[in-house]
Amino acid sequence: MEQATKSKATETVLQGIYKNVKMAEDAILDLMPRIKDEALKSDLTVQLSAYDAFASRTAKLLDEEGIKPAAEGMLTRFSAKMGTAMNAMRDSTSTHLAEMMIEGATMGVNDLMSLLRDGKEGEVSEEVLRLAKDLCAFEEKTIKEMKEYLK
């Protein structure tokens, strides 16, 4: 019974991480054509690569658990894409695009912390906790880097 609880908690956290990093990748890809600032474009390209690495790492852990990674549904992804497009169309300055990335990274950290809080202590594997910690650190670094564009 304890192993089943641990596996379910691990699956829930991993699927949440996977969905969040895939949504972040989608958001960056949606913003790229609107970015004129080469430094911002470069920073987001690096972030995109990092999110891809997190997605691969998460998919590998899910595979080890015998679980297929599940991305957000089409409706959720379409809604996010339209929201990103409308928000960027209204204001495509580097400052505004950086604000959008800060908001997204902040939501990612909050979602991850919520997932971890919902799982009881000891119900999530150490490897998944390490992944979550690494992702949180990356998101916090992203927020700090994007704040440079707000000046």
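Predicted model, so just to flag it, every value in this text is computed and none were measured. Throughout this description, residue numbers start from 1 for each chain and increase along the sequence as written. At least 70 in pLDDT is required for a residue's local features to be given in this predicted model, at least 80 for side-chain atom pairs to be given and counted, and no such filter applies to totals for whole chains, interfaces and linings, which use all residues. Calculated side-chain values reflect all of the structure's heavy atoms, with hydrogen atoms and water omitted.

### Some thoughts on the overall build of the protein
Consideration 1: Going along the chain from the N terminus, every DSSP run of H or I of four or more residues is numbered as a helix, and every run of E of two or more is numbered as a strand. When helices and strands are tallied, the protein shows 5 helices and 0 strands.
Consideration 2: Sequence-ordered secondary structure for the protein, helices as α and strands as β, is α-α-α-α-α.
Consideration 3: Looking at the 151 residues of the protein, the share that counts as buried comes to 38%.
Consideration 4: Considering only residue pairs separated by 6 or more positions, the protein has 84% of its internal contacts joining residues 24 or more positions apart. Exposure is judged per residue with a 1.4 Å probe applied to protein chains only, and the accessible area is read against the type maximum: over 50% gives exposed, under 20% gives buried, and values in between give partly exposed. Any pair of residues with heavy atoms lying within 4.5 Å of one another is described as a contacting pair.

### A word on the environment of Thr 76
Consideration 1: Note on placement: Thr 76 falls in helix H3 (residues 74-90).
Consideration 2: Of the residues examined, Thr 76 reaches a relative accessible area of 39% and is grouped as partly exposed.

### Quick word on the nonpolar core
Consideration 1: Residues belong to a common nonpolar core when they are buried Ala, Val, Leu, Ile, Met, Phe, Trp, Tyr or Cys residues joined through side-chain atoms within 4.5 Å. Judged by nonpolar contacts, the single largest core of 40 residues is most densely connected at Ile 17, Leu 44, Leu 135 and Met 146.
Consideration 2: Those elements that provide at least two residues to this core are helix H1 (2-31), helix H2 (38-64), helix H4 (94-118) and helix H5 (126-147).
Consideration 3: Leave out the neighbours within four places in its chain, and Leu 44 touches Ile 28, Met 32, Ile 35, Met 101 and Met 146.

### Brief notes about the packing of aromatic side chains
Consideration 1: Classification of ring pairs uses Phe, Tyr and Trp, with its six-membered ring standing for Trp, and accepts pairs whose centres are within 6.5 Å; under 30 degrees between planes counts as stacked, over 60 as edge-to-face, and the remaining range as tilted. Within the structure shown, the criterion is met by 2 aromatic pairs.
Consideration 2: Where Tyr 51 meets Phe 138, the ring centres are 5.1 Å apart and the plane angle is 90°; that geometry is what we call edge-to-face. Linking Tyr 51 in helix H2 with Phe 138 in helix H5, this pair joins segments that are 87 residues apart in sequence.
Consideration 3: Classification of Tyr 51 by relative accessible area gives buried; the value is 2%.
Consideration 4: Each ring, one from Phe 54 and one from Phe 138, has its centre 5.6 Å from the other, and the planes form 50°; the classification is tilted. Linking Phe 54 in helix H2 with Phe 138 in helix H5, this pair joins segments that are 84 residues apart in sequence.
Consideration 5: Look at Phe 54 and you get buried, because its relative accessible area is 9%.
Consideration 6: By relative accessible area, which is 12% here, Phe 138 ends up buried.
Consideration 7: Site record: aromatic cluster; members linked through ring pairs are Tyr 51, Phe 54 and Phe 138.

### Let's talk about the packing of H2 against H5
Consideration 1: The interhelical angle for the contact between H2 and H5, taken along N-to-C directions, is 170°, at an axis separation of 11 Å. On the basis of the axis angle, H2 is roughly antiparallel to H5. Note on element contacts: H5 touches H2 through Glu 127, Arg 130, Leu 131, Asp 134, Leu 135, Phe 138, Glu 139, Thr 142, Glu 145 and Met 146, opposite Leu 40, Asp 43, Leu 44, Gln 47, Ala 50, Tyr 51, Phe 54, Arg 57, Thr 58, Leu 61 and Glu 64.
Consideration 2: Classification convention: Asp, Glu, Lys, Arg as charged; Ala, Val, Leu, Ile, Met, Phe, Trp, Tyr, Cys, Pro as nonpolar; all other residues, Gly among them, as polar. For the contact of H2 with H5, the per-class residue count stands at 10 nonpolar, 3 polar and 8 charged. Throughout, an axis means a line fitted to C-alpha atoms (over the contacting stretch in the case of helices), and angles, computed between N-to-C directions, take values from 0 to 180 degrees. Small angles under 35 degrees read as roughly parallel and large ones over 145 as roughly antiparallel, with 65 to 115 read as roughly perpendicular and the rest as oblique.

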